[in-house]
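Commentary on secondary and tertiary structure
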Amino acid sequence: MADCQETLQELERFLDSELPPGRSEQILSHLKVCSDCQGAFEFHAELRIAIRTKATSDELPEGFLDRLKSCFGDEILGQDASA
Ligand SMILES: [Zn+2]
């Protein structure tokens, strides 16, 4: 189980989908129970999506957004990044 420090350290790589699946699950599990890290994650996630949406038309890896939505609800994304 990831703790706060690990989660925050790996947040950037998590958002880049650079973590192995098992590690991502640990981060997600922690985010679900930790409002502090969830807040940090939401901020970074929205920032990333906004940047990606403006900079390129690339979408996040298939299933990634759905997993986030299933964990946190649609509101975490602020806006739908898919065209
Ligand atoms: Zn935490």
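What you see as residue numbers is a count from 1 along each chain, following the sequence as written. At least 70 in pLDDT is required for a residue's local features to be given in this predicted model, at least 80 for side-chain atom pairs to be given and counted, and no such filter applies to totals for whole chains, interfaces and linings, which use all residues.

For the rest of this paragraph, the subject is the overall build of the chain. Here a strand is any run of E in DSSP of at least two residues, a helix any run of H or I of at least four, and the numbering for each starts at the N terminus. The secondary structure content of the chain amounts to 4 helices and 0 strands. The secondary structure elements of the chain, listed N-terminal to C-terminal, are α-α-α-α. Counting across all 83 residues of the chain, residues that qualify as buried make up 14%. In this description, a residue-residue contact is defined by the distance between C-beta atoms placed from the backbone, which must lie within 7 Å. Considering only contacts within the chain whose residues lie at least 6 apart along the sequence, 59% involve residues at least 24 apart. Note on burial: count the other C-beta atoms lying within 10 Å of the residue's C-beta; 20 or more is buried, 12 or fewer is exposed, in between is partly exposed, and C-beta positions come from the backbone.

Attention now goes to the packing of helix α1 (residues 4-15) against helix α2 (residues 21-33). Only C-alpha atoms enter the line fits that serve as axes; for helices the fit covers just the stretch in contact. Angles between N-to-C directions range over 0 to 180 degrees. Orientation of α1 relative to α2, taken along the N-to-C sense of each, is 120 degrees, at an axis distance of 11 Å. As the angle between them shows, α1 and α2 are arranged oblique. Note on packing geometry: the crossing formed by α1 with α2 is left-handed. Only S24, I27, H30 and L31 of α2 make contact with α1, whose side of the interface consists of T7, E10 and F14. All residues other than Ala, Val, Leu, Ile, Met, Phe, Trp, Tyr, Cys, Pro, Asp, Glu, Lys and Arg, Gly among them, are scored as polar; the first ten of these are nonpolar and the last four charged. A class-by-class count of the residues in the contact of α1 with α2 yields 3 nonpolar, 3 polar and 1 charged. Should an angle fall under 35 degrees it is called roughly parallel, over 145 degrees roughly antiparallel, and 65 to 115 degrees roughly perpendicular, with every other angle called oblique. A clockwise turn of the near helix away from the far one marks a right-handed crossing, whereas an anticlockwise turn of less than a right angle marks a left-handed crossing.

Here we come to the UniProt feature "domain: Putative zinc-finger" (unreviewed entry) in the chain. UniProt positions are given in the numbering used here, feature names are shortened, and annotations may be inferred rather than shown by experiment. Look at the UniProt record and you will see "domain: Putative zinc-finger" (unreviewed entry) annotated at residues 4-38. Within residues 4-38, the helical portion is 83% and the strand portion 0%, while the C-alpha atoms at the span's ends are 10 Å from each other.

This brings us to the nonpolar core. For our purposes the nonpolar core covers buried Ala, Val, Leu, Ile, Met, Phe, Trp, Tyr and Cys residues that link as a set through C-beta atoms within 7 Å. Counting 8 residues, the largest nonpolar core consists of A2, F14, I27, L31, C37, F41, A45 and I49. Looking at which element gives the most residues to this core, the answer is helix α3 (residues 35-55), with 4 residues.

On to α2, then. Expected helix span is given by 1.5 Å per residue-to-residue step, counting one fewer step than there are residues. The end-to-end C-alpha distance of α2, which contains 13 residues, comes to 19 Å, matching closely the 18 Å that a straight helix rising 1.5 Å per residue would cover. Among the residues making up α2, those that are buried are I27, H30 and L31. Looking straight down α2, one finds that the buried residues subtend no more than 100 degrees of arc, so they occupy a single side. Exposed residues lying more than 90 degrees from the buried face of α2 are P21, G22, K32 and V33. What the arc measures is the spread of directions leading from the helix axis to the C-beta atoms.

One can find I49 in helix α3. Considering only alpha carbons, one finds I49 and L15, 34 residues apart in sequence, at a separation of 9.5 Å.

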